[in-house]
Amino acid sequence: MSDIAKLQIGDNSYEFPLVKGTENEVAINIKTLRGATNGVITIDPGYKNTGSCESAITFLDGEKGILRYRGYSIEELADKADFLEVAYALIFGDLPNKEELEKFHSDIKAQSVVDDDVKKIIDAFPKTAHPMGVLSSLTSALTAFNPSSVNVDSEEDMYKSIVRILGKFPVLVAWTMRKKQGLPLNYGSSSLGYVENILKMMFEKPNEEYVMSPIIKNALDKLLILHADHEQNCSTSTVRIVGSSHAGLFASLSAGISALWGPLHGGANQAVLEMLEAIKEDGGDTKKYMAKAKDKNDPFRLMGFGHRVYKNFDPRATIIKAAADEVLNDLGVNDPILEIARGLEQEALNDPYFVDRKLYPNVDFYSGIIYRAMGIPVEMFTVMFALGRLPGWIAQWKEMRLKKEPIGRPRQIYTGENLRDFTSIEKR
Ligand code: SDX
């Protein structure tokens, strides 16, 4: 393949260099397009064919169902790593050695106290507030309590902000859930591992010793790893573009949480459970919901199905589906919802509408079944997605800032009124 792309507009032809990645992906570098063509731009709603950056963090191959963080396969990481070492690899580039991991965890624990005034903010929310809205607000509010974390340029200052948010975010997650449940807000124990302490903060009861379940701890480790990054998805692109204005890390993350909340994105894991519950209430009539999903006049979509990039199985869904079996079996949970999910999947995998559009189960289809078996309320499912995605968002923000990427500011094609005169209200 030559290393240039040719473009013909009218009688003029233009050449643009090709960019090739380490996995042989190819892009046309159109940085000079508008200037060279006297104003012609590209347009691509939803950026389905447009790359926003070059990144060394995560590689996806949607056709082959491949996902790797820093070159490590998602299958190996989910099977052999723990969440904190995966977070380290995403943010700093390689899996840590023992000393690096211990220092990272120690620096995070040193930052795991949240200003008590944050409790006043939580108290101000109604118990009916959706946890994603609370979490996004609290994450942004952290800037007020840590002003030095706003505009950080040096890697040293970035490191301080990174360990600060990795220490405080799990506390905000636990407090957000416990506030809705009317439970006291706590800190767990610094003697525990990162994921163990998240579980203790979320689930310990004020009047009894919290007993750690290795099954639940391993399941949460795996789920957080599987959600940790996913290249330039909607919420990560949001973190990058907000961060590109040099808004601080916490403000950028708060924006990412809001983007993740949407039911077409991370909010799908909650929508999947609500859909499966509705099908169960409806007597398990999966065919009715399949028909709704295919009906162009019906806004209903089969939640947990389809993906912008994966036109094959989402490798995370494959791992989570197997884990759902194991966890429910190990916990002795028999959840009829799992059977409905399996039935729906089988129907969709044999239905031409889904097969022709390459719509397969995605990461959100089975994750909620495990969260529910772990005792996590359905409204907290997307918060758990955010907890997993945090290191990915951080890694992508850090890469964007260290590469000194320009502020994100897309162009447009104007389709409104041409110039017209102002008319006074008497004449309108
Ligand atoms: C995540 O980007 C990421 O990496 C995201 C994520 C991550 O880790 O960050 O992987 C996490 O967000 C997973 C996706 C969770 N969302 C859902 O499960 C919601 C249901 N899925 C859809 O809304 C949809 O599949 C999207 C949003 C995921 C992808 O939408 P696209 O790429 O814009 O595809 P599209 O809307 O253009 O659909 C193409 C066709 C359309 O039909 P036609 O117009 O060709 O006739 O497929 C149909 C769509 O109507 N379609 C569906 C469908 N998804 C797509 N029809 C029924 N049910 C569905 N779920």
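The notes below deal with the structure included here. (Residues numbered from 1 in each chain as written. Predicted model: local features only at pLDDT ≥ 70, side-chain atom pairs only at ≥ 80, totals over all residues. Heavy atoms only, no water.)

Quick notes on helix α3 (residues 83–92)
Because each turn of an α-helix spans 3.6 residues, side chains separated by three or four positions in sequence point in the same direction.
Step number 1: Of all ten residues in α3, nine are buried; the element is thus mostly enclosed.
Step number 2: Put simply, Asp82 is the residue that caps the front of α3, since its side-chain oxygen is 3.1 Å from the backbone nitrogen of Leu84. (Buried < 20%, exposed > 50% of the residue type's maximum accessible area, 1.4 Å probe, protein only. Helix = DSSP H or I, 4+ residues; strand = E, 2+ residues; numbered from the N terminus. Polar contact = N/O pair within 3.5 Å; in protein donor to acceptor, adjacent residues only side chain to side chain.)

A short note on the site of the ligand
Step number 1: Taken together, the neighbourhood of the ligand is formed by 25 residues, with His230, His307, Arg308, Arg316 and Arg389 sitting nearest.
Step number 2: Lys48 is positioned with one of its side-chain polar atoms (N or O) 2.8 Å from an oxygen atom of the ligand.
Step number 3: Across the complex, the protein chains shield 80% of the 1,100 Å² of accessible surface that the ligand would expose by itself. (Near = heavy atom within 4 Å. Areas by Shrake-Rupley, 256 points an atom, 1.4 Å probe, with all protein chains shown as cover.)

Description of a positive patch on the surface
Step number 1: On the surface, Lys48, Lys296, Arg301, Arg308 and Arg357 cluster together into a patch of positive charge.
Step number 2: Structurally, Lys48 is set in the loop between α1 (33–36) and β4 (58–61). (Patch = residues over 30% accessible without salt bridge, like charges linked within 9 Å, V, L, I, M, F, W, Y side chains within 5 Å. Salt bridge = Lys/Arg side-chain N within 4 Å of Asp/Glu carboxyl O. Lys, Arg positive; Asp, Glu negative; His and termini not counted. Charge placed at Lys NZ, Arg CZ, Asp CG, Glu CD.)

So, the pattern of salt bridges
Two side chains bearing opposite charge may form a pair once their charged atoms approach each other closely.
Step number 1: All told, the structure shown has 25 salt bridges when counted by the stated rule.
Step number 2: A salt bridge links Glu102 to Lys98, with the nearest nitrogen and oxygen atoms 2.6 Å apart. Here Glu102 and its partner Lys98 are both found in helix α4 (residues 98–109), four residues apart, which amounts to about one turn of the helix.

Things to note about the sheet that holds strand β5 (residues 66–69)
Step number 1: Here three strands make up an open sheet; going across it, the order is β4-β5-β6 and the pairing antiparallel. Lying at the two open borders of the sheet, with one neighbouring strand each, are β4 and β6 (72–73).
Step number 2: The pairing of β5 with β6 spans two bridges and is antiparallel. Looking at the pairing, Tyr69 lines up with Tyr72 of β6. (Pairing = 2+ DSSP bridges.)

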